[in-house]
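Chain and residue survey
Letter by letter, the chains look like this.
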Amino acid sequence: MSKIDFFKTFIKDRDVASITPTSMRCVKKVCTNINFSKDFLLVEYGPGNGVFSKYLLENMTPGSRLILIESNKNFVTHLKKTLPDPRVEVYNILAGDVESILKPEDVGAVDYVLSGIPFSFLKKDRKKIVLDATKKILREGGHFLAYQTSGHLKKPVKEVFGNLETDFEPLNIPPYLIYKVVKNGV
Ligand SMILES: C[S@@+](CC[C@H](N)C(=O)[O-])C[C@H]1O[C@@H](n2cnc3c(N)ncnc32)[C@H](O)[C@@H]1O
């Protein structure tokens, strides 16, 4: 998908929240937190045009799996068309409903949740629903990685997970704060 088409999708849907896809520099920086040498199950919220998804597929093992959760139908159609890979599943649902599409054995077994959704657009209770669902689907020691435009998510993340590290990528439109969280305990 071209940057123009991404922008047109943004114009029609405020939840897209960014005028252009994340830069490759930022994609690589977020993905340094992923161990690509092992098989993993990764759930991505808000893949958009698939800029992270493509990088993940290029680097993950043949035994790894990628589950994409995207609210925008235009992006879902694009992702299904451009990522014909048996390791990928694409769902047109909201991030807070992630558990509904997982196999029972995958709940509590997810290694990474990677999120680009604009949490700042969600009401407080909806934000908590997404964070609680994320914690539930992750395995013990699993990672939640999110890129956001500000520090608004620090407090809710600490309340749900009890820990947080951050990093910053200034060379992106918009600049992103990168949240790195580990699930410790239930
Ligand atoms: C800032 S864009 C990021 C797109 C892409 N990951 C990137 O890095 O360029 C946010 C994406 O999250 C999607 N989105 C917003 N709210 C969502 C929600 N509640 N559940 C799933 N996807 C959502 C939007 O449609 C959009 O694709």
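Everything below is about the structure printed above this text.
This section reports on the structure supplied with the text. (Residues numbered from 1 in each chain as written. Predicted model: local features only at pLDDT ≥ 70, side-chain atom pairs only at ≥ 80, totals over all residues. Heavy atoms only, no water.)

1. As for the sheet that holds strand 5 (residues 138-148)
If you walk across this open sheet you meet the seven strands as 3-2-1-4-5-7-6, and the pairing is mixed. Each of the sheet's edge strands pairs with one partner strand only, and the pair in question is strand 3 (88-91) and strand 6 (165-169). Pairs of neighbouring strands in the sheet enclose a mean axial angle of 15 degrees, with direction left out of account. Across the sheet, helix 5 (residues 124-137) touches strand 1 (41-45), strand 4 (110-115) and strand 5, and the angle it forms with strand 5 is around 140 degrees. (Pairing = 2+ DSSP bridges. Helix = DSSP H or I, 4+ residues; strand = E, 2+ residues; numbered from the N terminus. Axes fitted to C-alpha atoms, helices over the stretch in contact; angles between N-to-C directions. Contact = heavy atoms within 4.5 Å.)

2. Considerations on helix 3 (residues 51-59)
Every buried residue belonging to helix 3 is among V51, F52, S53, Y55, L56 and L57, and all of these are buried. Buried-residue contacts for helix 3 involve helix 2 (24-31), strand 1, strand 2 (65-69), strand 3, strand 4 and strand 5. (Buried < 20%, exposed > 50% of the residue type's maximum accessible area, 1.4 Å probe, protein only.)

3. So, the site of the ligand
Around the ligand, a shell composed of 23 residues is seen, among which V16, T22, G46, E70 and Y147 lie nearest. Measuring from a nitrogen atom of the ligand, one finds a backbone N or O atom of G46 at 2.8 Å. Between the ligand and G48 there is a distance of 3.4 Å, counted from an oxygen atom to a backbone nitrogen or oxygen. Burial of the ligand by the protein amounts to 96% of the accessible area it has alone, namely 600 Å². Taken together, the residues of the shell around the ligand break down into 14 nonpolar, seven polar and two charged. (Near = heavy atom within 4 Å. Polar contact = N/O pair within 3.5 Å; in protein donor to acceptor, adjacent residues only side chain to side chain. Areas by Shrake-Rupley, 256 points an atom, 1.4 Å probe, with all protein chains shown as cover. Nonpolar A, V, L, I, M, F, W, Y, C, P; charged D, E, K, R; others polar.)

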